[in-house]
Every structure is written in C-alpha cells, then in structure tokens.
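In case you want the letters, here they are:
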Amino acid sequence: MHFGLFRTLRSALTNCALAVAALVLGACSDSTTGTGPPPPLGDDRLVAFVSDSRNFSGTSIFIMRGDGSHTTRVTSGEFHDDLPAWSPNGTTIAFTSDRAPAGIWVVNADGSELRSLVT
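Note that the structure is a prediction, hence the values are computed from the model and not measured.

Quick notes on the overall build of the protein chain
Step number 1: Secondary structure summary: the protein chain contains one helix and seven strands in total.
Step number 2: For the protein chain, the sequential pattern of α-helices and β-strands runs α-β-β-β-β-β-β-β.
Step number 3: The buried share of the protein chain, taken over its 119 residues, is 31%.
Step number 4: In the protein chain, of all internal contacts separated by at least 6 residues, the share reaching a separation of at least 24 is 27%.
Step number 5: Carbon and sulfur atoms make up 59% of the accessible area of the protein chain, which amounts to about 7400 Å² in all.

The following block contains the structure:
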C-alpha cells in the first residue's frame, strides 16, 4: 500500500523537476539565433515520445512531426530514458534517465550535446 504512495510522490516530484528544468533551459537559452529545429508549436509541431523500438534493454527518446512523419531517435544506449519535456524555445529536450549519474538529462533536439542537468 505504501509503494503506491511512493510511486505517486516520485512521479509528482519528477514532473516538478522536469518543469523547473524546462523553465531554466528557457531562461538560459538564446532564442534570437533562429537556428536548430522548429519549436513544437504551429504547423511544424514536433512531438517527443518514449519508445523501446530499436532498444532491446531500455527506452529512448524520439521526436516526430505532429502528423507522424519524420521519426528521429534522439537518445540511444542501454538506458531507460523517460518523460521527455520540451524547452520553451523548442531547441532542447529534458528527460529522466538511469544513465550515470541518474537524474534529469538534457539533449538538443537533433540528438547532440547530451548532458546531465540534475542528479
């Protein structure tokens, strides 16, 4: 019975941490450059999602257009990457991962510059 409460509390804290990470990324980013993928708004919306496709012992973050086309794998490896959240300017994705150190990680939408944000 206590495990259900623990999972609920852990999920709420993780979602809160991802929201804070997204705000921090937005505050620290330079939105005037106009480079990189389009933001996840408008006609060219991008969707970030988790799948175990092509990952036999974990889950990866993928992005695709809102119409389901142009699916691209953003993270890889034998890790459990989960709960992707876009930065406000649409250039980076924050997510939870069990890679070392376990915690919140950030990656550019093109899969470059993978880095740990919060452990």
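Still more ground to cover, so stick around.
Brief notes about the nonpolar core
Step number 1: Residues Leu46, Ala48, Ile61, Ile63, Val74, Trp86, Ile93, Phe95, Trp105, Val107 and Ala109 constitute the largest nonpolar core, which totals 11 residues.
Step number 2: Going through the elements one at a time, strand E1 (46-51), strand E2 (60-65), strand E5 (92-97) and strand E6 (103-108) are the ones with two or more residues in this core.
Step number 3: Look past the residues within four positions of Trp105 in its chain and what remains in contact with it is Ile93, Ala94, Phe95, Ser97, Arg99, Ala100, Leu114, Arg115, Ser116 and Leu117.

What to know about the sheet that holds strand E4 (residues 82-86)
Step number 1: Spatial ordering of the open sheet is given by E4-E5-E6-E7, a layout of four strands whose pairing is antiparallel. Whereas interior strands pair on both sides, the edge strands pair on one side only; in this sheet they are E4 and strand E7 (115-118). Across the sheet, the axes of successive neighbouring strands diverge by a mean angle of 30°, strand direction being ignored.
Step number 2: Where E4 lies against E5, three bridges are found, and the strand directions are antiparallel. In the strand pairing of E5, Asp82 is matched with Thr96.

Concerning the packing of aromatic side chains
Step number 1: The tally for this structure, following the rule as stated, stands at one aromatic pair.
Step number 2: Judged by centre distance (5.6 Å) and plane angle (15°), the rings of Phe49 and Phe62 are stacked. Here Phe62 lies in strand E2 and Phe49 lies in strand E1, a separation of 13 residues in the sequence.

With respect to the confidence of the model for the protein chain
Regions with low pLDDT should not have their predicted coordinates read in detail.
Step number 1: Residues with a pLDDT of 70 or more make up 61% of the protein chain, whose mean pLDDT is 74.
Step number 2: Note that pLDDT drops below 50 for residues 20-36; the model gives that stretch 14 contacts with residues more than four away or on any other chain.
Step number 3: This model gives residues 38-43 a pLDDT under 50, and the stretch forms 10 contacts once residues within four places in sequence are excluded.

Topic: the environment of Trp105
Step number 1: For Trp105, the location among the structural elements is in strand E6.
Step number 2: For the pair Trp105 and Leu117, spaced 12 residues apart in the sequence, the C-alpha separation amounts to 5.1 Å.
Step number 3: Polar contacts involving the side chain of Trp105 include one to the main-chain carbonyl oxygen of Pro101, which spans 3.0 Å.

Overview of the sheet that holds strand E3 (residues 72-73)
Step number 1: If you walk across this open sheet you meet the three strands as E1-E2-E3, and the pairing is antiparallel. The two strands at the open ends of the sheet, each matched to only one other strand, are E1 and E3.

Re unusual backbone geometry
Step number 1: Omega for the bond connecting Ala100 with Pro101 falls within 30 degrees of zero, at -5°, which places this linkage in the cis form.
Step number 2: Along the chain, Pro101 falls in the loop between E5 and E6.
Step number 3: A positive phi is found at His70, a non-glycine position, where the angle reads about 55°.
Step number 4: Classification of His70 by relative accessible area gives exposed; the value is 55%.

Rules used throughout
Residues numbered from 1 in each chain as written. Predicted model: local features only at pLDDT ≥ 70, side-chain atom pairs only at ≥ 80, totals over all residues. Heavy atoms only, no water. Helix = DSSP H or I, 4+ residues; strand = E, 2+ residues; numbered from the N terminus. Buried < 20%, exposed > 50% of the residue type's maximum accessible area, 1.4 Å probe, protein only. Contact = heavy atoms within 4.5 Å. Areas by Shrake-Rupley, 256 points an atom, 1.4 Å probe, with all protein chains shown as cover. Core = buried A, V, L, I, M, F, W, Y, C linked by side-chain atoms within 4.5 Å. Pairing = 2+ DSSP bridges. Axes fitted to C-alpha atoms, helices over the stretch in contact; angles between N-to-C directions. Phe/Tyr/Trp six-rings, centres within 6.5 Å; stacked < 30°, edge-to-face > 60°. pLDDT = per-residue confidence, 0-100. Polar contact = N/O pair within 3.5 Å; in protein donor to acceptor, adjacent residues only side chain to side chain.

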